[in-house]
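The primary structure of each chain is shown beneath.
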Amino acid sequence: LATTETGSRLSHLSCRACCTDLPSDRPAGVCPTCGGALLAEYDLGAFDARAWWHGLRDRDRTLWRYRELLPVADDRHLVTLGEGGSPILELTPSSDDGIRLLAKDDGGLPTGSFKARGMAVAVSRCVELGRTDLFVPSAGNAALALAAYGARAHRRVRVYVPDGTLPTLIASCRAYGAEVRTRPGTLREVGAAARTEEQGSGGFDLSTLREPYRVEGKKTMGLEIVDQTGPNGVPDAIVYPTGGGTGLVGMHRAFELLRSVGLLERIPRLYAVQPEGCAPVVRALRDDSPRVDPWADPHTIAPGLLVPAPFASERILEAVRATRGAGVTVSDRAIVESMRRLQREHGLSVSPEAAAPYAAVSELLRTRAVRPGETVLLYLTGTGLPFSIDALDAALGPGDQTRT
Ligand SMILES: Cc1ncc(COP(=O)(O)O)c(C=O)c1O
Ligand SMILES: [Zn+2]
């Protein structure tokens, strides 16, 4: 290897929906044949997985420790703010339900959410493939992450966010030098507006699953869990707040990858948590639907979970079904109450999305989806720092507050 090569095993891109393969050495968005999601494929033929796994212990803790299984080919293209390596914490005192509760907290990542993982990898690939002008529609956190990584990589960035996005978040995007365009509606309408306005602009669309590399960054959530717990200690279940679904797709890819090279035997069950007011993925899982139908009249206080029509939903459903997980809904009230409890009882300040998995635990126990003796990992996707719990509580409306 030349000294600047990462050793990435990336071989090509492929569309699962129509079996189209594409070279990975040029920029790509969605599948040119069917418009579906393109995913990265790796050549692991001569990959010595055990030696690689063993060698991880000498590497730094960022997600680039997994660089052979990530798509960036040249070190000089890495755009990093030190993302990855978030802690897995015991949630003590453990409940008397007989389950062991763990939390992986991505709130301390650059820009305060797990979105840093996806954007670090996607923006690095934009640098590698010569993309200079980038845009993303986002509920907020992906916009902030793109603004930061775009600044670091000296790219032009436009972000499209819903009207009503936290003013501090918008100001922060602008401080990174991004142009912020607020548009009405949920991510569905904002995304449609962005793609219409950007036609012919030359801007590259970094929307969830509409380019192949953000999900590769999300894959590191799964790689890291196995890395940190050890292959024999992986949790029985992972509970994940689901909006666009990249996290589920990414973790599933990680576990399948590790299993395919003989490093993992037992794959955790993946549980998708959504708010009662916007639960298209949970509904599709319960109805055994092949895809996710748009959710009418969506509403929730968790901005990142207000995704009424996720793209490439077959991949999301596949991740949950293949791991024998399920979907579960939680009320906004329970989300706010969980924010309070995580902060007061566990010292964890989390965003509303990140509180949703905690809110789901009682329902998972009640339905016996998780059982005594099992280890359950809650994925805490973002920091609570920009949020006021009291303001969220007040927004729930009379009679629905968490404080009596
Ligand atoms: C904090 C947080 N958690 C979860 C999600 C949902 O993520 P995913 O697209 O992986 O379903 C988002 C998306 O905006 C988010 O910002
Ligand atoms: Zn296709």
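Structure's up top.
Quick summary incoming for the structure in this document. Residue indices begin from 1 for each chain and proceed along its sequence in written order. Ligands are numbered from 1 and chains lettered from A, in the order in which they are written. Where totals are concerned, whole chains, interfaces and linings use all residues; where local detail is concerned, this predicted model gives features only for residues with pLDDT of at least 70, and gives and counts side-chain atom pairs only at 80 or more. Hydrogens and water are ignored here; the side-chain numbers use all heavy atoms of the structure.

## Points about the pattern of salt bridges
Salt bridges are identified by distance alone: a Lys or Arg side-chain nitrogen within 4 Å of an Asp or Glu carboxyl oxygen. Going through the model one piece at a time under the given rule, you end up with 29 salt bridges. For Arg-315, the salt bridge identified is with Glu-318, shortest N-O distance 3.1 Å. Residue Arg-315 and its partner Glu-318 are located together in helix α9 (residues 313-322), separated by three residues, close to a single helical turn. Looking at Arg-315, the relative accessible area reads 15%, which means it is buried. Linked by salt bridges that have partners in common, Lys-104, Asp-106, Arg-117 and Glu-224 make up one network. In this text, helices come from DSSP runs of H or I with a minimum length of four residues, and strands from runs of E with a minimum of two, each type numbered from the N-terminal end. Buried, partly exposed and exposed residues are distinguished by accessible area as a fraction of the type maximum, computed with a 1.4 Å probe on protein chains only: under 20%, between the cut-offs, and over 50%, respectively.

## A look at the coordination of the zinc ion (ligand 2)
Each metal site lists N, O and S donors within 2.8 Å (3.2 Å for Na, K and Ca). With water left out of the atoms, a site can look as if it is missing ligands. Those protein atoms acting as donors to the zinc ion (ligand 2) are Cys-15 (SG), Cys-18 (SG), Cys-31 (SG) and Cys-34 (SG), and they sit at 2.3 Å. The geometry test gives tetrahedral to four donors whose angles all lie between 85 and 135 degrees, gives square planar to four donors and octahedral to six donors whose opposite members are over 155 degrees apart with all other angles between 65 and 115, and gives irregular to the rest. Considering all four donor atoms around the zinc ion (ligand 2), angles at the metal cover 101 to 114 degrees and the coordination shape is tetrahedral. Each donor residue of the zinc ion (ligand 2) belongs to the same chain, with the gaps between them written as C-x2-C-x12-C-x2-C. Of this pair, Cys-18 sits in the loop between β1 (10-15) and β2 (20-23) while Cys-31 sits in the loop between β2 and β3 (38-42), placing them 13 residues apart in sequence.

## Thoughts on the site of ligand 1
The immediate surroundings of ligand 1 are formed by 15 residues, with Asn-141, Tyr-240, Gly-243, Gly-245 and Thr-381 found nearest. In the analysis that follows, any N or O atom pair within 3.5 Å is treated as a polar contact, provided that within protein one partner can donate a hydrogen and the other can accept it, and provided that, for residues neighboring in sequence, both atoms belong to side chains. One nitrogen or oxygen atom from the side chain of Tyr-240 is found 2.6 Å from an oxygen atom belonging to ligand 1. Taking Gly-245, its main chain carries an N or O atom lying 2.6 Å from an oxygen atom of ligand 1. Contact with the protein chains removes 97% of the 400 Å² of surface that ligand 1 exposes when unbound. Going through the elements one at a time, β10 (237-241) and α7 (246-260) are the ones with two or more residues in the shell around ligand 1. Of the residues in the shell around ligand 1, the class split is three nonpolar, ten polar and two charged. Residues are counted as near a molecule or strand when any one of their heavy atoms sits within 4 Å of it. The Shrake-Rupley method, run with a 1.4 Å probe sphere, supplies the accessible areas, and residue values consider only the shown protein chains as cover. As a working rule, the residues Ala, Val, Leu, Ile, Met, Phe, Trp, Tyr, Cys and Pro are called nonpolar, Asp, Glu, Lys and Arg charged, and the rest polar, with Gly in that last group.

## Thoughts on the environment of Val-328
Structurally, Val-328 is set in strand β12 (residues 326-330). Using a relative accessible area of 2% as the deciding quantity, one classes Val-328 as buried. Setting aside its immediate chain neighbours within four residues, Val-328 contacts Ala-272, Val-273, Gln-274, Val-282, Arg-286, Ala-360, Glu-363 and Leu-364. In this analysis, two residues are considered to be in contact whenever any of their non-hydrogen atoms come within 4.5 Å of each other.

## Quick word on the sheet that holds strand β13 (residues 375-380)
With mixed pairing, six strands are arranged side by side in an open sheet as β4-β5-β13-β10-β11-β12. The open sheet terminates on both sides in strands that have one partner only, identified here as β4 (88-90) and β12. The sheet shows a mean angle of 25 degrees between the axes of neighbouring strands, taken without regard to direction. A pair of strands is treated as paired once DSSP finds two or more bridges between them. Bridge analysis of strand β5 (residues 100-105) against β13 gives six bridges, and the strand direction is parallel. In the sheet register, Leu-102 faces β13, and the bridge partner there is Leu-377. To define axes, lines are fitted to C-alpha atoms, for helices over the stretch in contact only, and angles between the resulting N-to-C directions are given on a 0 to 180 degree scale.

## Examining the pairing of β3
The side chains of a regular strand alternate between both faces of the sheet. The element β3 is largely enclosed, with a buried count of four among its five residues. Bridge count for β1 against β3 is five bridges, and the pairing is antiparallel. Each residue of the ladder has a partner; that of Cys-15, found in β3, is Leu-38.

## Some words on the packing of aromatic side chains
Two rings belonging to Phe, Tyr or Trp (six-membered ring only in the last case) form a pair when the distance between their centres is within 6.5 Å. Interplanar angles under 30 degrees mark stacking, angles over 60 mark edge-to-face geometry, and anything in between is tilted. Summed over all chains, the structure comprises six aromatic pairs. One aromatic cluster is present, formed by Phe-47, Trp-52, Trp-53 and Tyr-66 through successive ring pairs.

## So, the sheet that holds β3
Where strands meet in a sheet, backbone hydrogen bonds hold them as pairs that are either parallel or antiparallel. Spatially, β2-β1-β3 is the arrangement adopted by the three strands of the open sheet, whose pairing is antiparallel. Only two strands of the sheet have a single partner each, and these edge strands are β2 and β3. Put simply, the sheet's adjacent strands are angled 35 degrees from each other on average, direction ignored.

## Some details on the environment of Ala-326
With respect to the helices and strands, Ala-326 occurs in strand β12. Ignoring sequence-local partners within four residues, the contact set of Ala-326 consists of Leu-270, Tyr-271, Ala-272, Leu-285 and Val-320.

## Comments concerning unusual backbone geometry
Not every positive phi belongs to a glycine, and Leu-209 is a case in point at roughly 65 degrees. Checked against the element boundaries, Leu-209 lands in the loop between β9 (204-205) and α6 (214-229). Residue class for Leu-209 comes out buried when judged on its relative accessible area of 2%. Unusually for a residue other than glycine, Arg-368 sits at a positive phi of about 60 degrees. Locating Arg-368 in the fold gives a position in the loop between α11 (352-366) and β13. Classification of Arg-368 by relative accessible area gives partly exposed; the value is 47%.

Shape is all these values report; function is a separate question.
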